[in-house]
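As a plain string of letters, each chain reads:
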Amino acid sequence: GQQLNQSPQSMFIQEGEDVSMNCTSSSIFNTWLWYKQDPGEGPVLLIALYKAGELTSNGRLTAQFGITRKDSFLNISASIPSDVGIYFCAGRSIQGAQKLVFGQGTRLTINP
Amino acid sequence: DTEVTQTPKHLVMGMTNKKSLKCEQHMGHRAMYWYKQKAKKPPELMFVYSYEKLSINESVPSRFSPECPNSSLLNLHLHALQPEDSALYLCASSQIMSGGEGAYEQYFGPGTRLTVT
């Protein structure tokens, strides 16, 4: 089946640093979604992308839909302690109908 | 309102018990989903309902039985579960897309933490 390669798997940073993570796919997607999940909670949608090349911001978060339609990245600027959690990318292909394909997640840890 | 609610928050059940998980959304979404999530893994799709009809079953064992009583509610009936079924069960909802372009955000509930003893 389709798979997304999400990297890095984990990040250990200092508070105030910028963060960058990305997802790549072997097939073309027409939707990219980025979620954040806190322990014991459901994923929360951060940013949704629908057009190749689209760059969208949500506060300190910025995400882009790659031109090739096979990748996306998420940047977090000036990290703060509440940014700690697991970030998942998810994509939907035209063939996928109602199904999302998830990346394996990036676990973010912040040292104060 | 982008809220999906799930009850109960936690559930402990024996392998011979019958229990049900409940999910509700009031966003007017006509697609609803059940996911299973193990620790440190991404959500894994189990079932999809479109217009209250089961459209996708990802080869889930019959001890899991979904039900969609109306466009706002989704249940997951559990019977004779195994310890390996212990996980976080997530419900989600979205608009229905026929394919191609368009908004397709899936909104997740907080999940039910299930422990099978």
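In this report, the structure presented in the accompanying data block is examined. (Residues numbered from 1 in each chain as written. Chains lettered and ligands numbered in written order. Predicted model: local features only at pLDDT ≥ 70, side-chain atom pairs only at ≥ 80, totals over all residues. Heavy atoms only, no water.)

### Points about the overall build of chain B
If you tally the helices and strands in chain B, you get zero helices and eleven strands. When the helices and strands of chain B are read in sequence order from the N terminus, they spell out β-β-β-β-β-β-β-β-β-β-β. Taking 13 Å as the expected radius of gyration for a compact globule of 117 residues, we find that chain B reaches 14 Å, a close match to that expectation. Overall size of chain B, expressed as C-alpha extent along the three principal axes, is 45 × 30 × 25 Å. Within chain B, the proportion of its 117 residues that are buried is 50%. Within chain B, counting contacts between residues at least 6 apart in sequence, those at least 24 apart form 56% of the total. Summed over all atoms, the accessible surface of chain B reaches about 5,600 Å², with 50% contributed by carbon and sulfur. A distance of 10 Å separates the average location of the 12 positive side-chain charges in chain B from that of its 11 negative side-chain charges. (Helix = DSSP H or I, 4+ residues; strand = E, 2+ residues; numbered from the N terminus. Rg over C-alpha atoms; globule rule 2.2 N^0.38 Å. Buried < 20%, exposed > 50% of the residue type's maximum accessible area, 1.4 Å probe, protein only. Contact = heavy atoms within 4.5 Å. Areas by Shrake-Rupley, 256 points an atom, 1.4 Å probe, with all protein chains shown as cover. Lys, Arg positive; Asp, Glu negative; His and termini not counted. Charge placed at Lys NZ, Arg CZ, Asp CG, Glu CD.)

### A word on the state of the cysteines
The final tally for this structure, using the stated rule, is two disulfides over all chains. The side chain of C23 of chain A participates in a disulfide bridge whose partner is C89 of chain A; the two sulfur atoms lie 1.7 Å from each other. With the S-S dihedral at roughly -80°, the linkage between C23 of chain A and C89 of chain A falls on the left-handed side. With C23 of chain A in strand 3 (residues 19–25) and C89 of chain A in strand 9 (residues 85–92), the pair connects residues that are 66 residues apart, well separated along the chain. The exposure class assigned to C23 of chain A is buried, which follows from its relative accessible area of 0%. Residue C68 of chain B stays outside any disulfide, its sulfur separated by 9.1 Å from that of C91 of chain B, the closest cysteine. You can call C68 of chain B buried: its relative accessible area is 13%. (Disulfide = S-S within 2.5 Å.)

### Things to note about the environment of N5 of chain A
Residue and element names in this part refer to chain A. Within the element layout of this structure, N5 appears in strand 1 (residues 4–7). Separated by 100 residues in the primary sequence, N5 and G105 place their C-alpha atoms 9.1 Å from one another. Residues in contact with N5, not counting those within four places in the same chain, are N22, C23 and T24.

### Here we look at the interface of chain A and chain B
Taken together, the 24 residues of chain A in the interface contact 33 residues of chain B. Where chain A abuts chain B, roughly 2,100 Å² becomes buried across the two surfaces, and 53% of that area is made up of carbon and sulfur atoms. Looking at the side of chain A facing chain B, the largest losses of area belong to Y50, R92 and Q98 of chain A, adding up to 31% of the total buried there. Where chain A packs against chain B, one counts two salt bridges. Here E58 of chain B and K99 of chain A are joined by a salt bridge, their closest N and O atoms 3.2 Å apart. Across the chain A-chain B interface, the total number found is six residue pairs in polar contact (both at pLDDT 80 or more). (Buried area = accessible area lost by both parts, 1.4 Å probe. Salt bridge = Lys/Arg side-chain N within 4 Å of Asp/Glu carboxyl O. Polar contact = N/O pair within 3.5 Å; in protein donor to acceptor, adjacent residues only side chain to side chain.)

### Regarding the pattern of salt bridges
Applying the stated criterion to the full structure yields six salt bridges over all chains. Residue E41 of chain A pairs with K9 of chain B through a salt bridge whose shortest N-O separation is 3.3 Å. Taken together, the residues E41 of chain A in the loop between strand 4 (31–37) and strand 5 (44–49) and K9 of chain B in the loop between strand 1 (4–7) and strand 2 (10–13) connect one chain to another. By relative accessible area, which is 33% here, E41 of chain A ends up partly exposed. A salt bridge links R60 of chain A to D83 of chain A; its shortest N-O distance comes to 2.8 Å. Taken together, the residues R60 of chain A in the loop between strand 6 (55–58) and strand 7 (61–65) and D83 of chain A in the loop between strand 8 (71–76) and strand 9 connect sequence positions 23 residues apart. Taking the relative accessible area as the measure of exposure, R60 of chain A reaches 27% and is therefore partly exposed. According to the relative accessible area criterion, D83 of chain A is buried, its value standing at 5%.

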